[in-house]
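Letter by letter, the chains look like this.
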Amino acid sequence: MSQLTFARALNAGLRKSLENDPKVILMGEDIGTLGGVFRITDGLQKDFGKHRVVDTPLAESGIIGTAVGLAYRGYRPVCEIQFDGFIYPAFDQIVSQMAKLHYRTMGRVKMPITIRVPFGGGIGSPEHHSESPEAYFTHTSGLRVVSVSNPQDAYTMIQQAIASDDPVLFFEPKRRYHDKGDVDEAKDLAQALSMEKARVVTEGKDVTLVAYGPLVKTAKDAAIAAADEGVAIEVIDLRSLAPIDFPVLEASVRKTGRLVITHEASQSGGLGAEIAASITERCFNYLEASPVRVTGFDVPYPYSKLEMHHLPDLDRILDGVDRTLGRPNSLSGLEG
Amino acid sequence: MSQLTFARALNAGLRKSLENDPKVILMGEDIGTLGGVFRITDGLQKDFGKHRVVDTPLAESGIIGTAVGLAYRGYRPVCEIQFDGFIYPAFDQIVSQMAKLHYRTMGRVKMPITIRVPFGGGIGSPEHHSESPEAYFTHTSGLRVVSVSNPQDAYTMIQQAIASDDPVLFFEPKRRYHDKGDVDEAKDLAQALSMEKARVVTEGKDVTLVAYGPLVKTAKDAAIAAADEGVAIEVIDLRSLAPIDFPVLEASVRKTGRLVITHEASQSGGLGAEIAASITERCFNYLEASPVRVTGFDVPYPYSKLEMHHLPDLDRILDGVDRTLGRPNSLSGLEG
Amino acid sequence: MLEGAINVLTDEVGPGANSPGGQGNGTTNPLRTGGNLVQLISPAGERINHPEFDVWIKDVSDYQLLSLYEDMVVIRRIDTEATALQRQGELALWPPLLGQEASQIGSVRAIRSDDFIFPSYRESGVAYCRGAELGEIIRPWRGNALYGWDPHRINMATPQIVIGSQTLHATGYAMGIQNDGADIVAFSYLGDGATSEGDVNEAMVFAASYQVPLVFFCQNNHWAISEPVRLQSRVQLADRATGFGIPSMRVDGNDVLAVMAASRIGLDRARKGGGPTFIEAVTYRMGPHTTADDPTRYRDANELEDWAAKDPIVRLKSLLSVKGLLGEEAQASVQAKADSVARELRDACATMPDPAPLDVFNHVYSTPHSWIDHQKDHYSRYLASFGGSSQEGAL
Amino acid sequence: MLEGAINVLTDEVGPGANSPGGQGNGTTNPLRTGGNLVQLISPAGERINHPEFDVWIKDVSDYQLLSLYEDMVVIRRIDTEATALQRQGELALWPPLLGQEASQIGSVRAIRSDDFIFPSYRESGVAYCRGAELGEIIRPWRGNALYGWDPHRINMATPQIVIGSQTLHATGYAMGIQNDGADIVAFSYLGDGATSEGDVNEAMVFAASYQVPLVFFCQNNHWAISEPVRLQSRVQLADRATGFGIPSMRVDGNDVLAVMAASRIGLDRARKGGGPTFIEAVTYRMGPHTTADDPTRYRDANELEDWAAKDPIVRLKSLLSVKGLLGEEAQASVQAKADSVARELRDACATMPDPAPLDVFNHVYSTPHSWIDHQKDHYSRYLASFGGSSQEGAL
Ligand SMILES: Cc1ncc(C[n+]2csc(CCOP(=O)(O)OP(=O)(O)O)c2C)c(N)n1
Ligand SMILES: Cc1ncc(C[n+]2csc(CCOP(=O)(O)OP(=O)(O)O)c2C)c(N)n1
Ligand SMILES: [Mg+2]
Ligand SMILES: [Mg+2]
């Protein structure tokens, strides 16, 4: 067990994958000599060579498109998209090729590609550097989508994603890169919790609070704050965004009768809508109140002096919790 | 009043816009001499010239990116994307540029661009020709998204979309292109129902059924079939997919207490999730049952011999209606 | 070197020799594009000598020449038959290759069976020669599957409909070949319209940067649906590649020998570590874009006539006749082959099994997926509610 | 024409003259790329004669030369000051232009005020000369707005962060100019790394196809963050354009006169209906990519030293000194100007008003939008629940 930052844990996980499988190949802009703008691939090109850790030309569609070709040839490419906002030029190769090739070929061609995306806001960046595009991918059949919230999961799940025979979008909460946590590097991957399972991180009986990636920490903080006021929040770290582990969510909501979902992405059409809709379908008779979404607004990601307003924080989450509980909240006195 | 096909109604609407505003300019692949693969722009280049109706090189990002530049210069570009599945190469220009420029420049630069997308399945096409990508855009702040279901709306709303100072994604149900309907070409645009309003197309007191684009016709057929069995379905044609006209939906659901949403797009993360979540938030105490979604499956659009299974049809919609009513249905005997 | 000469057969051929001057040293780019169209057989069917290209086809025996002819006749027959099947409602759509037989046969016959091909949607002739079954070729156009053959069985990817996308896949595959140290080559087909797509240009960036073993084979058939090639480019398409540091050739795409020679030059360079090559095969789409298209709306009858005079099959036939290789017996044998392939195609169509409803859920993922499983279960229950075994039977 | 000569000053200049041979006629592409780097001032500060380029700057008076120098000194000072403000925590980030002063000033001073500029994020010097206020230039980097100036006021788009995206906007704008029959030009900046993006290549396709009035101005500063330009291209970037049928030039980007001459050539061609031009200005990014970058991780100190010897400001200073134009008084006046601009910049930073919370909802759409209105209303209610007027006050 060692104390590692999120970033080092990812680095260690990538290293392990490179060591274990000669078909694993890392690709991206500035990932070689520089080790990536966030240093996630630091030192890997030096140790594994330029053919395993590949600096690519500045072309995102090219990165994913060539990864598809490498997968055709039996490789397991791990692509870094430098920032969330720069994944869109690759959108066509992701949704029309990477996601569909297994279906198209009736399983004859596998696409074991992992796309790593540092995502989300909160670090005072300029435009296009703080986005949360996960809902575009959770709506795309053929992809698996995960997001990690702590160094241990970062270490384990990056290896699980790379080992998956299906394409995986791997969302890394960039504002947590410097957070430290215990990481058991010796842990057997086969023993680890499956990448597709959600995890109850704080137990509670009053309200279910679902979060993923950067907001898991905020959600845990909210649970602590709420406990002081006598409200027991059950925090669930979603981990897999597609498919979502509904059984775990269902079990919790059947217990609490109340659901709050939080994410940084804009509300309309965000993942929260899917969770609210599905849990309402599955637990209608158990719900004491409508599921509540605490999310970014329906605006393009704003400039950094306003981002703390856009991003859900502890207070806004607690306001959402109050809404599900019918306690005084921002909408008190209004209907709905 | 004249009887026009959907396709001719669009053609007439485009012609009107070209006549009324010299800044309107049509762009796309094969829209000139050929008049588009669906003949929507038939005859327009001949009448308005090559500089108003522009055949572009085969590059979708190029089409939208140059439309952005034209908008900078005060033009109102109307871009045709040949088929739904070919919009993805333009995704970056749509979400990072067209959608964000007004916000980025604090309103100094307007983006009055309309993107016309023939969408949806049911015409026996090969891969990439039958998709329903609307949810990618309804989740994108800065865009307006509409879909039309009949020739009159096609005629009116294409003009409203072009007249809008905001960018509009305009989804045309290609399998309805040959359907005929009355079109009042003399109708004053200022008098027409706003593009953002939903419309109740069949009144009913038992179940609210929300549809848009190609499935409005199917929904109306379902209402007729259900009436025979004594169930009064209220069919709402959404028309605007972003923003959604929730007040109209709310009023209906408060009356019926039951909601079914149908669309061709895959279920998870589709527009149905947003509608179900929002209506649950707004009408929780009025709902007698969980909102039900009747949609395409979470699979890539299948080959044509299977598409009738993927696409919601009258029977599947009625099964969904039965579910909200607690009548015998495909899930009878199961929980949820 | 002469202005406009093809540089591929000069001393510069071979690994490393194509290295451009590099950045910032002020030297002139040593690459040349083939301004002149290389032709080894004239439209009238005469063999034209071309010292640099001839060496690459000097091993082609009379027998082989005849077999190239047979291939071309057969794939034209496949095309005719499939078009007829579409007209009869047996196929939903068909993209004809009529007129492009020399481009397809000349290239595919130059490719080794362990090389890997990335086609567009029009390379049915290539697929046939590669060993795809006739049923596999028409299956997607009948709507019975998204695609037909197993890419790993015939070393050829399934048809690509998204224009230009496959060129990046080919580039990635070639990166893999390079990593593996294998002596095979990735071979990517593309159309003239495709050259405008960002992906094709990014493919050239990657291919040139890593100097991967790859041939870009562009069939300039003069049209992208209704758009003439001059809308995509005001200069020759072969010129595009040199701007990326990729040597290029421009050959008569209706001349099976010129195409074969050029393909061999590109393949050989790639195999020897010399990096990518771009070939522009100048040909003509004599039919409609697909069976859904009506080319009379956008092109002159005259143009079609001009190109009919350059028909690739007629041309090779003349050459064979002059050489006395196409006697009655040979002619009859080619005809018999074409007839039998046509029958086989029709049979494959007639006997193709329809899919079962629940197939819609298969192969989305390679391992179980809770959402799909849930929906499949739900839908099978739904189908069962109508009674009977509809989810298992044919539709 | 001589091998490697720039063709832009031959008889071929002027509307229509650049029309390439067209498709399929077998002629050789008449375009030439500038293999030789054009230089009008040597690194030692000597004026080099160049008959073809000289005519384009012969009107530049001593006074104007001095003012170019002043511009360069001032924008370097802006850069230094902004970098300092970032180090002091006043700016969140800053992308330095250090070393690229000649490229920026030589180009922007050639552009007419009614021409329209589409920059990347590094053209702060261009923006300054264009009349952007200093506060407007730093506002986005302080996080007080997404961008600063009104594009329509100074005929310059806001900085573009998505690499290469702006080249398509410039192309579309130029299509608009063409439709309007106006005699203005769109001018697009881009980096060397940007040339790999699909968008930039598609921009060249459109620009060439429609022959729009546009100049692509590529500052090849040798690096795209940590990636050397040779990873993007093995041939000179100017060569890329000729593959699209766009004439190109390659000039010393640290030579303000060479840059100005080239820009004027391109602008003049565009204005006269001669279509697009691509200029590669060979320069060097002497600072980090941004203030968040540490270039010592990926590049040699030697390289930096080499380029320091080619400093664009030192070079112009030497020329001015030799000409006797940079006396003490002139020197002092330039210095005073730079000092005052630096002070103004610092003041603009200090006095910049912070946004109000509810600004987050403004300008998403140009007309009311129910979702936004709903959320704005909800959030203002939420803020009010904390009491006070927080939604109106500064943060
Ligand atoms: C990305 C994309 N955009 C548009 C289309 C629609 N489309 C299908 S074929 C075609 C023309 C392609 O022309 P070309 O590349 O010359 O190939 P050809 O059909 O002549 O073989 C177009 C525009 C598509 N399939 N993919
Ligand atoms: C589409 C996209 N991908 C990646 C990035 C991240 N990024 C920012 S600047 C940069 C390098 C750009 O290099 P170049 O074009 O040479 O311009 P320079 O910074 O040298 O001025 C990269 C990769 C981006 N901004 N946009
Ligand atoms: Mg073509
Ligand atoms: Mg650079």
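Since we're looking at a predicted model, the values are computed, not measured.

As a further point, take the domain arrangement of chain C. Per the domain assignment, the segments of chain C are domain 1 (54-350) and domain 2 (364-395). Relative to domain 2 of chain C, the C-alpha centre of domain 1 of chain C lies at a distance of 40 Å.

A few words on unusual backbone geometry. Cis geometry is found at the peptide bond from Ala-242 of chain A to Pro-243 of chain A, where omega equals -5°. Along the polypeptide, Pro-243 of chain A turns up in the loop between strand E12 (240-242) and helix H9 (246-256). Positioned with a positive phi, Arg-239 of chain B is a non-glycine residue whose angle comes to about 60°. Mapped onto the elements of the fold, Arg-239 of chain B is located in the loop between strand E11 (233-237) and strand E12 (240-242). The backbone of His-363 of chain C sits at a positive phi, close to 70°, despite the residue not being glycine. Position of His-363 of chain C among the secondary structure elements: in the loop between helix H14 (328-350) and helix H15 (370-384). The exposure class assigned to His-363 of chain C is partly exposed, which follows from its relative accessible area of 36%.

Before going further, it helps to spend a moment on the site of ligand 2. The environment of ligand 2 is formed by 20 residues, the closest being Glu-60 of chain A together with Tyr-121, Arg-122, Ile-161 and Asp-192 of chain D. What surrounds ligand 2 is not a single chain but chains A and D. Measuring from an oxygen atom of ligand 2, one finds a backbone N or O atom of Gly-193 of chain D at 2.8 Å. Between ligand 2 and His-289 of chain D, the relevant distance is 3.4 Å, taken from an oxygen atom to a side-chain nitrogen or oxygen of the residue. Contact with the protein chains covers 95% of the free accessible surface of ligand 2, which is 580 Å². Residue composition of the shell around ligand 2, grouped by class: ten nonpolar, five polar and five charged.

Residue and element names in this part refer to chain D. At 2.0 to 2.1 Å from the magnesium ion (ligand 4) lie its protein donor atoms, namely Asp-192 (OD), Asn-221 (OD1) and Trp-223 (O). All donor residues of the magnesium ion (ligand 4) come from one chain, and their arrangement in sequence is D-x28-N-x1-W. Here the residue Asp-192 occupies a position in the loop between strand E2 (186-191) and helix H8 (198-210), and Trp-223 occupies one in strand E4 (residues 223-224), the gap between them amounting to 31 residues. One exposure class covers both Asp-192 and Trp-223, and it is buried.

Right, let's talk about the packing of helix H4 (residues 91-98) of chain A against helix H7 (residues 165-180) of chain C for a bit. Running from N to C, H4 of chain A and H7 of chain C point in directions that differ by 85°, and their axes come no closer than 11 Å. As the angle between them shows, H4 of chain A and H7 of chain C are arranged roughly perpendicular. Only Ser-165, Leu-168 and His-169 of chain C of H7 of chain C make contact with H4 of chain A, whose side of the interface consists of Asp-92, Gln-93 and Gln-97 of chain A.

Residue and element names in this part refer to chain A. Taken in spatial order, the five strands make up an open sheet running E9-E11-E10-E13-E14, and their pairing is mixed. At either margin of the open sheet sits one strand with a lone partner, and together these are strand E9 (199-202) and strand E14 (292-296). Across the sheet, the axes of successive neighbouring strands diverge by a mean angle of 25°, strand direction being ignored. Bridge count for strand E10 (residues 207-211) against strand E13 (residues 259-266) is three bridges, and the pairing is parallel. Residue pairing for E13: Thr-208 is matched across the bridge by Leu-259.

Below, the discussion takes up the interface of chain C and chain B. Listed by partner, the interface residues are 45 residues for chain C and 44 residues for chain B. Of the roughly 3,700 Å² buried between chain C and chain B, counting both surfaces, carbon and sulfur atoms make up 63%. Put simply, chain C and chain B have two salt bridges between them. Lys-305 of chain B serves as the salt-bridge partner of Asp-354 of chain C, at 3.0 Å between the closest nitrogen and oxygen. On the surface where chain C and chain B come into contact, there are 14 residue pairs in polar contact (both at pLDDT 80 or more). Every element with two or more residues in the side of chain C that touches chain B is listed here: helix H5 (134-142), helix H9 (229-232) and H15 of chain C. A total of eight residues in the side of chain C that touches chain B trace back to one element, the largest contributor, which is H15 of chain C. Taken together, the residues of the side of chain C that touches chain B sort by class into 27 nonpolar, nine polar and nine charged.

Reading the values: the criteria
- Residues numbered from 1 in each chain as written.
- Chains lettered and ligands numbered in written order.
- Predicted model: local features only at pLDDT ≥ 70, side-chain atom pairs only at ≥ 80, totals over all residues.
- Heavy atoms only, no water.
- Domains from an automatic or database assignment.
- Helix = DSSP H or I, 4+ residues; strand = E, 2+ residues; numbered from the N terminus.
- Buried < 20%, exposed > 50% of the residue type's maximum accessible area, 1.4 Å probe, protein only.
- Near = heavy atom within 4 Å.
- Polar contact = N/O pair within 3.5 Å; in protein donor to acceptor, adjacent residues only side chain to side chain.
- Areas by Shrake-Rupley, 256 points an atom, 1.4 Å probe, with all protein chains shown as cover.
- Nonpolar A, V, L, I, M, F, W, Y, C, P; charged D, E, K, R; others polar.
- Donors = N, O, S within 2.8 Å, 3.2 Å for Na, K, Ca; no water.
- Axes fitted to C-alpha atoms, helices over the stretch in contact; angles between N-to-C directions.
- Parallel < 35°, antiparallel > 145°, perpendicular 65-115°, else oblique.
- Contact = heavy atoms within 4.5 Å.
- Pairing = 2+ DSSP bridges.
- Buried area = accessible area lost by both parts, 1.4 Å probe.
- Salt bridge = Lys/Arg side-chain N within 4 Å of Asp/Glu carboxyl O.

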